[in-house]
Amino acid sequence: MNDAELKACLDAITDPEIGRTLGELGMIKQASLADGTPKIEVELPTPAYPDRERLVELANSAIKAKSADAPAADVTFSWNVKGPETGGKIGLRIKNVIAVGSGKGGVGKSTTATMLAYGLSSFGAKVGLMDADVYGPSIPHLCGASGEPAVTEVPGAEGGLVQRILPIEKDGLKLLSIGFMIKPDQAVVWRGPMLHKLLTQFLAQTEWGELDYLIIDLPPGTGDVSLTLSQLLGLSGAVVVCTPQKVALLDAVKAISMFGQVKIPVLGMVENMTGEIFGRGGAKQQAEKSGVPFLGEMPIDASIRQLGDDGRMSEIFSDACPVHNDLLKVCQNVAMQVAKAQLLAPQLPQLEVL
Ligand code: ADP
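Residues numbered from 1 in each chain as written. Predicted model: local features only at pLDDT ≥ 70, side-chain atom pairs only at ≥ 80, totals over all residues. Heavy atoms only, no water.

### Observations regarding the pattern of salt bridges
Our working rule: Just to be clear on terms, a salt bridge is a Lys or Arg side-chain nitrogen sitting within 4 Å of an Asp or Glu carboxyl oxygen. Helix numbers and strand numbers start at the N terminus; a helix is a DSSP run of H or I with at least 4 residues, a strand a run of E with at least 2.
Applying the stated criterion across every chain yields a total of 16 salt bridges. Among the ionic pairs, D74 bridges to K39, the shortest N-O distance being 3.1 Å. One end of the pair, D74, is in strand β3 (residues 74-79); the other, K39, is in strand β2 (residues 37-44), and 35 residues separate them in sequence. The partner of D212 in a salt bridge is K95, and the shortest N-O contact between them spans 3.9 Å. Note that D212 is positioned in strand β10 (residues 210-217) and K95 in strand β4 (residues 93-102), a separation of 117 residues in sequence. What you see here is one network of salt bridges that share partners, running through K29, E43 and K82.

### What about the site of the ligand?
Short version of the rule: We call a residue near a given molecule or strand whenever any one of its heavy atoms falls within 4 Å of it. We define a polar contact as two N or O atoms separated by no more than 3.5 Å, with the added condition that, inside protein, one atom must be a possible hydrogen donor and the other a possible acceptor, whereas residues neighbouring each other in sequence contribute only through side-chain atom pairs. Per-residue and other accessible areas were derived by the Shrake-Rupley procedure at a 1.4 Å probe size, with only the shown protein chains allowed to occlude residues. Only Asp, Glu, Lys and Arg are considered charged in this grouping, and only Ala, Val, Leu, Ile, Met, Phe, Trp, Tyr, Cys and Pro are considered nonpolar; every other residue, Gly among them, is considered polar.
Taken together, 14 residues surround the ligand, and among them G106, K109, S110, T111 and N272 come closest. In this structure, an oxygen atom belonging to the ligand sits 2.8 Å away from a main-chain N or O atom of K109. Within the side chain of N272, an N or O atom sits 2.9 Å from a nitrogen atom of the ligand. Across the complex, the protein chains shield 79% of the 560 Å² of accessible surface that the ligand would expose by itself. The set of elements that each furnish at least two residues to the shell around the ligand consists of α4 (109-122), β12 (266-274) and α10 (302-309). The dominant element in the shell around the ligand, judged by the number of residues it contributes, is α4, at three residues. Counted by class, the shell around the ligand contains five nonpolar, six polar and three charged residues.

Right under this line is the structure:
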């Protein structure tokens, strides 16, 4: 077997997660037979790719089928997050913008959004977390972050200097919330145009830098924030959080329909607070009924509430949270759904800009 034959046999493997060949997905970056040992570099579409060992096994069996006495391959992994990068038109360098929404409050939407940000970051991705829940901003508290975001000046596209908000950096995440700009007990009444202006500033006039994922915590239920977001930039999709009981599921169905109306694709549903109190499996069934992916269960667990209350969500993936593996699985599912949406989307012809 020569290098080209090795590459061809690896390119023919079907990726078990995405269902396309590694060749179609462009995942084999390098394949050579140095001293007879196959050396392979696989590029994953997200660092949260779930089962790397499975790919090693598939590579080895494909090689063995061609050349029975080949030694075990030396497989290394790199990653490059894929994304539509639709924020480019408003000057953003963010590969994927993911909204986290729910049909109603109190189902753990902000907890899930924060958990996703820490989880994706724990895999090595560059992540931002933006609080668009302007009626009840809880991201600063959950992350134990405070301080007022600084304003800086950067060269503008049309010459001169323009002002940009600098997100608060905490635990490797870039955070932005109206909660950093108002007193904790201050209520803000938002009129539509003000809300639109604030969200535009949070996106287009903020120095987010290069990010793989920006997670946005939406307000519960209503569609106004989602509509503004979808007008500003194309989102990679929305994650709908709900608890397993029937009443909550009905609201989640409404949330799915709302995202449909504002043209935001639904990445899937997460069942939160799974356990004895609220039950289990309701969201999975509903996801099937609604024809959207099921993204996993987050068990009800006192440590999740405690870490949130204490502003220690940064510890959610440590032993301080006994169910962290379930949470990590949800992060992987979300990241893979985002990758699939990007990789399996029909390639649209390039539009000519007149
Ligand atoms: P929402 O953003 O939907 O209003 P929050 O994220 O603020 O909801 O969560 C509401 C409350 O439920 C918080 O006190 C939070 O700590 C708690 N909570 C969320 N998810 C869980 C869970 N899986 N187990 C235990 N408590 C949870």
